[in-house]
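Remarks on the overall topology
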Amino acid sequence: YIRCEHHGWAHAPCRSCVTPPPPARMCTRCSAGQVVEVQRRAGAFCIRHRRWHYGGEEDDVRHRASYRRAERCVAGTLWRRGVALGTGEIELAAELLHVSDPMISEGATCANRLRAWYPEAVSLAEFLTEPWACQFLAARTIGSEPVVALIESSVAAVRDGGDTDLEHIRGAFRANGREASVTAPRRARDPYMTIVNAGRVRAFVRKRMPRLRGAFLKHNDARDTEVS
């Protein structure tokens, strides 16, 4: 899926403009032990064999249900938005989650971060590419601090696993054209407070604002976002 003039700038699968997904290594159990690379609508977790396969690494995972849900989101909701492994949104979400954990060293590779945070990274990428979030991120007149607050709160809520917190964030950050409204996100639980107060995500986001906005708006068309 992509936005282009051939479909009136609406999300659609255009054979003329779409860029095929990069080759990815297939699960070796699916390929009968052979090393096979494919270009297809999939992520990094084999649902059939319940195995992780990405970046040359392949093994079983714990918490298979969360990885399975993430994989279905990658092949479903995110794919229809034009988001996939290799387009940057999921990888950036994993980096944000990695930064939010003070117990983890900052030297991990992209593949290691993705392996450790895959379910949460997919959830965060899905959340921050929802239409309301794109509308907020695209509203340049609101300044950078509200965007910092949105991303920081979203990371904390995803890590905390609180659907109620995510729903509250949807209502707390709103943009309509050049106008925006922000109310203080609810911080009800101790883990949520600990992560937010650490300040690591805040500092990371402030230094990389253009990259963050560009990544999470890459799949979207700014003109459409401003008027939707």
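Our structure's up above, just so we're on the same page.
Source: prediction; values computed, not measured. (Residues numbered from 1 in each chain as written. Predicted model: local features only at pLDDT ≥ 70, side-chain atom pairs only at ≥ 80, totals over all residues. Heavy atoms only, no water.)

Side note on unusual backbone geometry
What counts here: Strands are runs of DSSP state E lasting at least 2 residues, helices are runs of H or I lasting at least 4, and numbering of each runs from the N terminus. A simple rule labels every residue: compare its accessible area, found with a 1.4 Å probe on the protein chains alone, to the largest value its type can have, and call it buried under 20%, exposed over 50%, or partly exposed in between.
For Arg-50, which is not glycine, the phi torsion reads 55 degrees and is therefore positive. Within the secondary structure layout, Arg-50 lies in the loop between strand 5 (45-46) and strand 6 (51-54). Classification of Arg-50 by relative accessible area gives partly exposed; the value is 42%.

Observations concerning the environment of Val-147
The criterion, for reference: Residue contacts are counted whenever heavy atoms from the two residues lie within 4.5 Å of one another.
With respect to the secondary-structure elements, Val-147 resides in helix 5 (residues 145-160). Taking the C-alpha atoms as reference, Val-147 lies 10.0 Å from Val-182; in sequence the two are 35 residues apart. Those residues in contact with Val-147 that lie beyond four places of it in its chain are Phe-136, Leu-137, Ile-142, Met-209 and Arg-213.

Here we look at the packing of helix 4 (residues 131-138) against helix 9 (residues 209-217)
Going by this rule: Helix axes are fitted to C-alpha atoms over the stretch in contact, other axes to C-alpha atoms as well, and angles between N-to-C directions run from 0 to 180 degrees. Should the near helix be turned anticlockwise from the far one by less than a right angle, the crossing is left-handed, and should it be turned clockwise, the crossing is right-handed. Think of it as three bins: nonpolar holds Ala, Val, Leu, Ile, Met, Phe, Trp, Tyr, Cys and Pro, charged holds Asp, Glu, Lys and Arg, and polar takes everything else, Gly as well.
Packing of helix 4 against helix 9 leaves a shortest axis separation of 10 Å and a crossing angle of 145 degrees. Between helix 4 and helix 9 lies a crossing whose hand is left-handed. Residues Cys-134, Leu-137 and Ala-138 of helix 4 form the contact with helix 9, whose participating residues are Arg-213, Phe-216 and Leu-217. Here the residues of the contact of helix 4 with helix 9 are counted per class, giving five nonpolar, no polar and one charged.

A word on the packing of aromatic side chains
To describe a pair of aromatic rings, you give the distance between the ring centres and the angle between the ring planes. Filter applied, for reference: Side-chain rings of Phe, Tyr and Trp, where Trp is taken by its six-membered ring, are said to pair if the distance between their centres is within 6.5 Å; with planes under 30 degrees apart they count as stacked, over 60 as edge-to-face, and otherwise as tilted.
One pass over the full model with this rule turns up seven aromatic pairs. Seen from their ring centres, Trp-52 and Tyr-118 are 5.1 Å apart, and the 80 degrees between their planes marks the pair as edge-to-face. Separated by 66 residues along the polypeptide, Trp-52 in strand 6 and Tyr-118 in helix 3 (residues 110-128) bring together distant segments of the chain. We note that Trp-52, like Tyr-118, is buried. With centroids separated by 5.3 Å and ring planes inclined at 70 degrees, the aromatic side chains of Phe-127 and Trp-132 adopt a geometry described as edge-to-face. Put simply, the rings of Phe-45, Trp-52, Tyr-54, Tyr-67 and Tyr-118 touch in pairs and so form one group of aromatic residues.

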